[in-house]
Amino acid sequence: MNKNDIISLTITSMTAQGSGVGKTADGMAVFVPFSAIGDILEVRILKVKKTYAYGKIEKIITPSKSRIETDCPAFGKCGGCVYRHISYNSEKEIKRQRVVDAVERVGGLKGVKINEVVANERLYRYRNKAQLPCRNTENGVEFGFYASHSHRIIPCGDCLLQPESFNTVMNITKNFMDKTAQTAYDERTGKGKLRHLYIRYAEMTGELMVCFVVNGNGLKREDELINELKKNLPELKSVIFNSNKEKTNVITGLKNRTAYGSDYITDILCGKKFKLSPLSFYQVNRAQAEKLYTIAKNCADLKGGEVLLDLYCGTGTIGLTMAESCRELIGVEIIEDAVKDAEGNAKINGINNARFICSDADSAAKKLKNEGVMPDVIIVDPPRKGLESGVIDTIAEMSPEKVVYISCAPETLARDLKLFNEKNYSVKEITPVDLFSRTAHVENVCLITKV
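Quick caveat: nothing in here was measured; it's all calculated off a predicted structure.

> How should I be thinking about the packing of aromatic side chains in this particular structure?
The way to describe two aromatic rings as a pair is by their centre distance and the angle between their planes. With the rule as written, the count across this model stands at six aromatic pairs. With centroids separated by 5.7 Å and ring planes inclined at 90 degrees, the aromatic side chains of Tyr52 and Tyr54 adopt a geometry described as edge-to-face. Judged by relative accessible area, Tyr54 falls into the partly exposed class, the value being 35%. Following the ring pairs from residue to residue traces out a cluster consisting of Phe31, Tyr52 and Tyr54. Over the face of the ring belonging to Tyr185 we find Arg195, whose NZ or CZ atom lies 4.1 Å from the ring centre.

This is the structure we're talking about:
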């Protein structure tokens, strides 16, 4: 098989990234983006490796029964959605199978109870945050999303995952930048002013935050921009300028300046109030996050007398929703601003049995162990790379009855479950929760108990 060959291929499975997989007569796997299980395709080969190849759809000979009409002109170009061409039921099946495959193949664990995916009831406009890069074009500044595995910006006038008010912010900002002859930041030259448009929306309170990430300290004539936003967006609560002068692909810098309104907006999750500043972590799908945290709380099954340790606690959202059910909550987070937010969130909710430690998870766990703190339940919600092996060792040494593991990456979750299994902990059940419909991502809540 060579590049540019056209072959007939039946798609039989999906990868974790959402590409279809078919096998040639001699057993070579071919990965085809935007295909569906059951498709019979003509595929043009783009790249050939020793045991696998990449291709693109040249022609759909027989479409899969799960195929539907796509509804977004940017689909297949921007790096966001991968499942807008199949039914939602098919998407949920693929996501559950991804978890099953990870647990069995990566974790080497058989017979683990993996529940059905907790469905998202709202497939449109569910995101409460957008980080929009911009570029300079012949028609002025243009906003969009990065194409997959690149920093090439794909224009998108209306992302169907985001509130319509975000489009208003985007259009006002574009018109302002063009009118005042200010330019977008260019990664290649390091010149230009506006790097990203960062928008947050608090669904339950209706409050809107607009944050401009700039290569400098602000924009020229920014009062005009703020007035235009206020005039068109009565829900506007906060306008912030974030300074990022570094040559980096990290979106935000560390310095914020509030130009209008409050330093934060407030949302309500699981009956608790949470302050959201630009750098605060908060789940982008509030309604599904409530389901996720409720499942985690049910797994913890707190009776009132326990010590609860929340590692990677961020602004405290998970632990604080359980604080009333335990004797003491200890939260650990490495980002200092997030710890301050967590302490503030405890205060505004009248929670007095919580304390927060600014430290990495491994060091904090070891420190608590040396202090003689022996938590009954530990919650972990690590980043995509999962837990460091040292953290798993220390957790096992602290000997909690239960570990509730919240994961955004089934493959690293499965790897860590194997290590827990070796430490005499057993996986009771895993519940996938669909927070990011139409994308390849799936969250999971896993209950691990001491044998």
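We are not done yet, so read on.
> Please clarify how the sheet that holds strand β10 (residues 194-202) should be interpreted in this entry.
In a beta sheet, neighbouring strands pair by backbone hydrogen bonds and run either parallel or antiparallel. Taken together, seven strands build an open sheet; the order of strands is β9-β8-β7-β10-β11-β12-β13 and the sheet is mixed. Of all the strands in the sheet, just β9 (153-155) and β13 (255-261) have a single pairing partner and so form its edges. Strand-to-strand, the axes of this sheet are offset by a mean angle of 35 degrees, without reference to chain direction. Helix α2 (residues 164-179) rests against β7 (129-137), β8 (140-146), β10 and β11 (207-214) of the sheet, and its axis sits at about 150 degrees to β10.

> What's the story with the environment of Leu161 in this structure? I'm lost.
Within the secondary structure, Leu161 is located in the loop between β9 and α2. The class of Leu161 is buried, set by a relative accessible area of 6%. Discounting chain neighbours no more than four positions away, the residues touching Leu161 are Cys81, Arg84, Leu123, Arg125, Tyr126, Arg127, Ser437 and Thr439.

> Mind showing me how you'd approach the pairing of strand β3 (residues 29-32) here?
Side-chain direction in a regular strand flips from residue to residue, so the side chains alternate between the two faces of the sheet. The alternating pattern of β3 places Ala29 and Phe31 on one face and Val30 and Val32 on the opposite face, and all of these are buried. Two elements, strand β2 (residues 20-23) and β3, share four bridges in a ladder whose sense is antiparallel. Directly across from Gly20, in β3, lies its bridge partner Val32.

> Looking at this model, I keep getting lost on the sheet that holds strand β1 (residues 6-14). Mind explaining?
Taken in spatial order, the five strands of this closed barrel run β1-β2-β3-β5-β4, and their pairing is mixed. When the angles between neighbouring strand axes are averaged without regard to direction, this sheet yields 50 degrees. Here three bridges tie β3 to strand β5 (residues 52-62), and the two strands are oriented parallel to one another. When the bridges of β5 are listed, Ala29 appears paired with Tyr52.

> I'm lost on the state of the cysteines in this one. Help?
Linking two cysteines covalently through their sulfur atoms gives a disulfide. According to the stated counting rule, one finds zero disulfides in the structure shown. Cysteine Cys72 remains unbridged, with the sulfur of Cys156 as its closest cysteine sulfur at 5.0 Å. The exposure class of Cys156 is buried, given its relative accessible area of 11%.

Rules behind the numbers
Residues numbered from 1 in each chain as written. Predicted model: local features only at pLDDT ≥ 70, side-chain atom pairs only at ≥ 80, totals over all residues. Heavy atoms only, no water. Phe/Tyr/Trp six-rings, centres within 6.5 Å; stacked < 30°, edge-to-face > 60°. Buried < 20%, exposed > 50% of the residue type's maximum accessible area, 1.4 Å probe, protein only. Lys NZ or Arg CZ within 6 Å of the ring centre and 35° of its normal. Pairing = 2+ DSSP bridges. Helix = DSSP H or I, 4+ residues; strand = E, 2+ residues; numbered from the N terminus. Axes fitted to C-alpha atoms, helices over the stretch in contact; angles between N-to-C directions. Contact = heavy atoms within 4.5 Å. Disulfide = S-S within 2.5 Å.

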